[in-house]
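Given next are the chains, with one letter for each unit.
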Amino acid sequence: MVHSLRTKLQQKQFVVTVEMEPPRGADPWGVYEKMRPLAGLVDAVNIADSPMAKMRMSPIALAYLVQNELNLETIFHLTCRDRNQLGLQSELLGAHALGVKNILTLTGDKPEQGDHPQATGVFDVDAIGLGKIANSLNNGEDMLGNAIEGKTNFFIGGVVNPTSDDLEAELEKLHRKIDAGVGFFQTQPIFDLGQLEKFLRIADQINVPIIYGLMPLKSAKLAKYLNRQVPGVHVPDQLIDRLEVKGREAGQEIAEELFKEMKQSLQGVHIFPMGDIQLVETLLKENYENVGCKEAI
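Treat the numbers as computed from the prediction; the structure is a model and nothing was measured.

*Asks:* Explain the nonpolar core here, please?
*Replies:* Nonpolar side chains tend to gather and get buried jointly when the protein is soluble and globular. Counting residues in each nonpolar core, the largest one holds 76 residues, and the members touching the most others are Met35, Val42, Phe76, Leu92, Phe199 and Ile271. Apart from residues no more than four positions distant in its own chain, leucine 92 is found in contact with Phe76, Leu78, Ile103, Leu130, Ile133, Ala134, Leu137 and Phe154. Grouped together as the second largest cluster of nonpolar side chains are 10 residues, Val15, Ile75, Leu104 and Phe184 included.

So, in structure tokens, the structure goes:
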């Protein structure tokens, strides 16, 4: 498995990543088949860790299968919700042994929000603490500073919200994550690049690559839900109006417009398919010559 995501980002090349959920069961092949069309179109697939606190297959196991069966690079999510300090370090060492070396560090959603509300949230550390743990392993030490047998080589990622209402606090957290060892960031969906202006003026001074979120919208109903329920995400009224008139077709058009605009000014796009891989595949194929991902896989 050739790991090219880190190299492309360090060389300031444009990258495309796509987020996928593991299956809710023991059979990985349904999700695997959904990912198959992405091989050659994206630089890496993010594999979530029981997102929204809903039980799913291990992202590390699925990431290993995807890398070996599809030769498609992965970024596995790891949350602090379900594992104590011992478990987090154990999972990381196991992932590295399997060749799964891109990680997105997350605090995680609280269990009471998901399908096992009686589960216990651990949260020994937060996302910043998890970044420190992964960075310690990269330096050949456990989180207490004790030497381990061999160093890991994780490419550590974190999340940032560039449209946060409290941008000063968000930037302070971003710098703490960089200090902890984070080497790249991914964001929530962006629906208007004008919303990024203030953040981008500051981000120009940050020498860490940021991959910005893009979510194709299938309906006005979804857009309104995001505005009501997801902090830091805002779909402009003019886009909702277009969705009211043309529905999924407008969603495809808006996604294409945003993708082209992002490619001109940003280093990468992270796509949230919302279960519609066909829409993502169409988007990337229509922009295939401009994406140039195939050579990097």
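So, next bit.
*Asks:* Quick question: what am I supposed to make of the packing of helix H5 (residues 127–138) against helix H6 (residues 167–180) here?
*Replies:* Two numbers describe a pair of packed helices, the interaxial angle and the distance between the axes. Contact geometry of H5 with H6 gives a least axis separation of 8 Å together with a crossing angle of 20°. Comparing their axes, H6 and H5 come out roughly parallel. Where H5 crosses over H6, the handedness of that crossing is right-handed. Every residue of H6 that contacts H5 at Ile128, Gly131, Lys132 and Asn135 is listed here: Lys173, Arg176, Lys177 and Ala180.

*Asks:* What's the story with the packing of aromatic side chains in this structure? I'm lost.
*Replies:* Given two aromatic rings, their pairing is described by the distance between the two centres and the angle made by the two planes. Inspection of the entire model under this criterion finds four aromatic pairs. Here phenylalanine 14 and phenylalanine 259 contribute two aromatic rings whose centre-to-centre distance is 6.0 Å and whose plane-to-plane angle is 90°, an arrangement assigned as edge-to-face. In this pair, phenylalanine 14 sits in the loop between helix H1 (5–10) and strand E1 (15–20) while phenylalanine 259 sits in helix H10 (residues 248–265), placing the two residues 245 residues apart along the sequence. You'll find phenylalanine 14 and phenylalanine 259 in the same group, each marked buried. Aromatic side chains phenylalanine 155 and phenylalanine 184 sit 4.6 Å apart centroid to centroid with 35° between the ring planes, which places their arrangement in the tilted category. Separated by 29 residues along the polypeptide, phenylalanine 155 in strand E5 (residues 155–160) and phenylalanine 184 in strand E6 (residues 184–189) bring together distant segments of the chain. Note on phenylalanine 184: relative accessible area 0%, which makes it buried. In this arrangement the basic side chain of lysine 263 is found over the ring face of phenylalanine 14, its NZ or CZ atom lying 5.2 Å from the centre.

The rules behind these values
- Residues numbered from 1 in each chain as written.
- Predicted model: local features only at pLDDT ≥ 70, side-chain atom pairs only at ≥ 80, totals over all residues.
- Heavy atoms only, no water.
- Core = buried A, V, L, I, M, F, W, Y, C linked by side-chain atoms within 4.5 Å.
- Buried < 20%, exposed > 50% of the residue type's maximum accessible area, 1.4 Å probe, protein only.
- Contact = heavy atoms within 4.5 Å.
- Axes fitted to C-alpha atoms, helices over the stretch in contact; angles between N-to-C directions.
- Helix = DSSP H or I, 4+ residues; strand = E, 2+ residues; numbered from the N terminus.
- Parallel < 35°, antiparallel > 145°, perpendicular 65-115°, else oblique.
- Left-handed = near helix turned anticlockwise from the far one by under 90°.
- Phe/Tyr/Trp six-rings, centres within 6.5 Å; stacked < 30°, edge-to-face > 60°.
- Lys NZ or Arg CZ within 6 Å of the ring centre and 35° of its normal.

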